[in-house]
Amino acid sequence: AQSVTQPDIHITVSEGASLELRCNYSYGATPYLFWYVQSPGQGLQLLLKYFSGDTLVQGIKGFEAEFKRSQSSFNLRKPSVHWSDAAEYFCAVGGPLSGGYNKLIFGAGTRLAVHP
Amino acid sequence: NAGVTQTPKFRVLKTGQSMTLLCAQDMNHEYMYWYRQDPGMGLRLIHYSVGEGTTAKGEVPDGYNVSRLKKQNFLLGLESAAPSQTSVYFCASSGRASSNTGELFFGEGSRLTVL
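All of these numbers come straight from a predicted model, not from anything done at the bench. (Residues numbered from 1 in each chain as written. Chains lettered and ligands numbered in written order. Predicted model: local features only at pLDDT ≥ 70, side-chain atom pairs only at ≥ 80, totals over all residues. Heavy atoms only, no water.)

1. Concerning the overall build of chain B
Turning to step 1, where the next piece is worked out: Across its full length, chain B carries zero helices and eleven strands.
Turning to step 2, where the next piece is worked out: Mapped from its N terminus to its C terminus, chain B presents α and β elements in the order β-β-β-β-β-β-β-β-β-β-β.
Turning to step 3, where the next piece is worked out: The C-alpha atoms of chain B give 13 Å as radius of gyration, which agrees with the globular expectation for 115 residues (13 Å, within 12%).
Turning to step 4, where the next piece is worked out: Taking the principal axes of the C-alpha coordinates as reference, chain B spans close to 40 × 30 × 25 Å. (Helix = DSSP H or I, 4+ residues; strand = E, 2+ residues; numbered from the N terminus. Rg over C-alpha atoms; globule rule 2.2 N^0.38 Å.)

2. Quick word on the nonpolar core
Turning to step 1, where the next piece is worked out: The biggest cluster of nonpolar side chains holds 27 residues, and the ones touching the most others in it are Leu19(A), Trp35(A), Leu47(A), Leu48(A), Phe74(A), Leu76(A) and Tyr89(A).
Turning to step 2, where the next piece is worked out: Of all elements in the fold, only β2 (10-14), β3 (19-21), β5 (32-38), β6 (44-50), β8 (64-68), β9 (73-78), β10 (87-94) and β12 (110-115) of chain A reach the threshold of two or more residues within this core.
Turning to step 3, where the next piece is worked out: Take this core: its biggest share by element is four residues, from β10(A).
Turning to step 4, where the next piece is worked out: Leave out the neighbours within four places in its chain, and Phe74(A) touches Cys23(A), Leu33(A), Phe34(A), Trp35(A), Leu48(A), Tyr50(A), Val57(A), Ala65(A), Glu66(A) and Phe67(A).
Turning to step 5, where the next piece is worked out: Within the second largest apolar cluster, 19 residues are counted, among which are Tyr36(A), Phe90(A), Ala92(A) and Leu43(B). (Core = buried A, V, L, I, M, F, W, Y, C linked by side-chain atoms within 4.5 Å. Buried < 20%, exposed > 50% of the residue type's maximum accessible area, 1.4 Å probe, protein only. Contact = heavy atoms within 4.5 Å.)

3. What to know about the interface of chain A and chain B
Turning to step 1, where the next piece is worked out: Taken together, the contacts link 20 residues of chain A with 23 residues of chain B.
Turning to step 2, where the next piece is worked out: Overall, the association of chain A and chain B removes approximately 1,700 Å² of surface from exposure, summing both partners, and the carbon and sulfur fraction of that is 56%.
Turning to step 3, where the next piece is worked out: Counting the contacts that link chain A with chain B gives zero salt bridges.
Turning to step 4, where the next piece is worked out: Across the contact surface, chain A and chain B share four residue pairs in polar contact (both at pLDDT 80 or more).
Turning to step 5, where the next piece is worked out: Mapped by element, the contributors of at least two residues to the side of chain A that touches chain B are β5, β6 and β10 of chain A.
Turning to step 6, where the next piece is worked out: The element best represented in the side of chain A that touches chain B is β5(A), accounting for four residues. (Buried area = accessible area lost by both parts, 1.4 Å probe. Salt bridge = Lys/Arg side-chain N within 4 Å of Asp/Glu carboxyl O. Polar contact = N/O pair within 3.5 Å; in protein donor to acceptor, adjacent residues only side chain to side chain.)

4. Looking at the pattern of salt bridges
Residue and element names in this part refer to chain A.
Turning to step 1, where the next piece is worked out: In total, this model carries eight salt bridges over all chains according to the counting rule given.
Turning to step 2, where the next piece is worked out: The salt bridge partner of Glu-66 is Arg-77, with a shortest N-O separation of 3.3 Å. Here Glu-66, found in strand β8, pairs with Arg-77, found in strand β9; they are eleven residues apart in sequence, far enough to count as distant.
Turning to step 3, where the next piece is worked out: When its relative accessible area of 24% is taken as the criterion, Glu-66 is described as partly exposed.

5. Some remarks on the environment of Gly107(A)
Turning to step 1, where the next piece is worked out: Here Gly107(A) is to be found in the loop between β11 (105-106) and β12.
Turning to step 2, where the next piece is worked out: For Gly107(A) and Tyr89(A), which are 18 residues apart along the polypeptide, the C-alpha to C-alpha distance reads 9.1 Å.
Turning to step 3, where the next piece is worked out: Residues within four places of Gly107(A) in sequence aside, it is in contact with Val4(A), Gln6(A), Phe90(A), Cys91(A), Gly42(B) and Leu43(B).

6. Remarks on the packing of aromatic side chains
Turning to step 1, where the next piece is worked out: Evaluated as defined, the whole model comprises 15 aromatic pairs over all chains.
Turning to step 2, where the next piece is worked out: Ring centres of Tyr33(B) and Tyr35(B) lie 6.4 Å apart, and the angle between their planes is 35°; on these two criteria the pair is classed as tilted. Taken individually, Tyr33(B) and Tyr35(B) each receive the classification buried, so the pair is uniform in this respect.
Turning to step 3, where the next piece is worked out: A centroid spacing of 6.1 Å and a plane angle of 45° characterise the contact between Tyr35(B) and Phe106(B), whose relative ring orientation is tilted. In this pair, Tyr35(B) sits in strand β4 (residues 31-38) while Phe106(B) sits in strand β10 (residues 105-106), placing the two residues 71 residues apart along the sequence.
Turning to step 4, where the next piece is worked out: Given a relative accessible area of 0%, Tyr35(B) falls into the buried group.
Turning to step 5, where the next piece is worked out: Its relative accessible area of 11% is what places Phe106(B) among the buried residues.
Turning to step 6, where the next piece is worked out: Taken together, the ring pairs connect Tyr32(A), Phe34(A), Tyr36(A), Phe51(A), Phe106(A), Tyr33(B), Tyr35(B), Phe90(B) and Phe106(B) into an aromatic cluster. (Phe/Tyr/Trp six-rings, centres within 6.5 Å; stacked < 30°, edge-to-face > 60°.)

7. Let's talk about the state of the cysteines
Residue and element names in this part refer to chain B.
Turning to step 1, where the next piece is worked out: Summed over all chains, the structure comprises two disulfides over all chains.
Turning to step 2, where the next piece is worked out: Two residues share a disulfide in this structure: Cys-23 and Cys-91, whose sulfurs sit 1.9 Å from each other. Negative torsions about the S-S bond denote left-handed disulfides, and the value of about -75° found for Cys-23 with Cys-91 makes this one left-handed. Taken as a pair, Cys-23 in strand β3 (residues 19-25) and Cys-91 in strand β9 (residues 87-94) lie far apart in primary sequence, 68 residues in all. The two residues Cys-23 and Cys-91 agree in class, both being buried. (Disulfide = S-S within 2.5 Å.)

As far as function goes, none of this settles anything; it's purely spatial.
Laid out in structure tokens, this is it:
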């Protein structure tokens, strides 16, 4: 079965510190992988995506993620966190086994708090 | 510059009442989706549509119905609301041109409470 696991429910970091949010997936084929961000009271916004090619992908707001096939992981990183990064982050997987039409499977989310 | 608009944004229902959530998108997208978001469970797909006049079941379709009479609108209906349907509902859309990119465009959500 296809699934996404985000092991950390809550993470707190200090402003200026580095950040890594974990994502593990289960998928029976080459996956498409995504990170979305949800600010309080808002919908989800795409941060970055991986389809193929370079396993290190760059996204908006200074985020990057690395696809590691051997570990079934797609961890999100940022070298220096800003207070405005406080939000909930969702990892998602899609691809041919999801029936097409962009039917994504989402993880449970990681809520990020940033201390000044 | 509206994107995806959901109405209403908040609603309180009593058990057994019915209601309809409306989603409208102005991006001429082919595909539209309804997700529900519950704490600790992420987003789960309720129903989706791949074009005007078509709908299909997602992961958690029971207790919901949908209709896509116009390309820009996707309605989610609850015929007899239950407390288990208390949730935040998100509508999303994506275009055929992005069918291989997976990017969904989300509305701001509709918070529904069923007493």
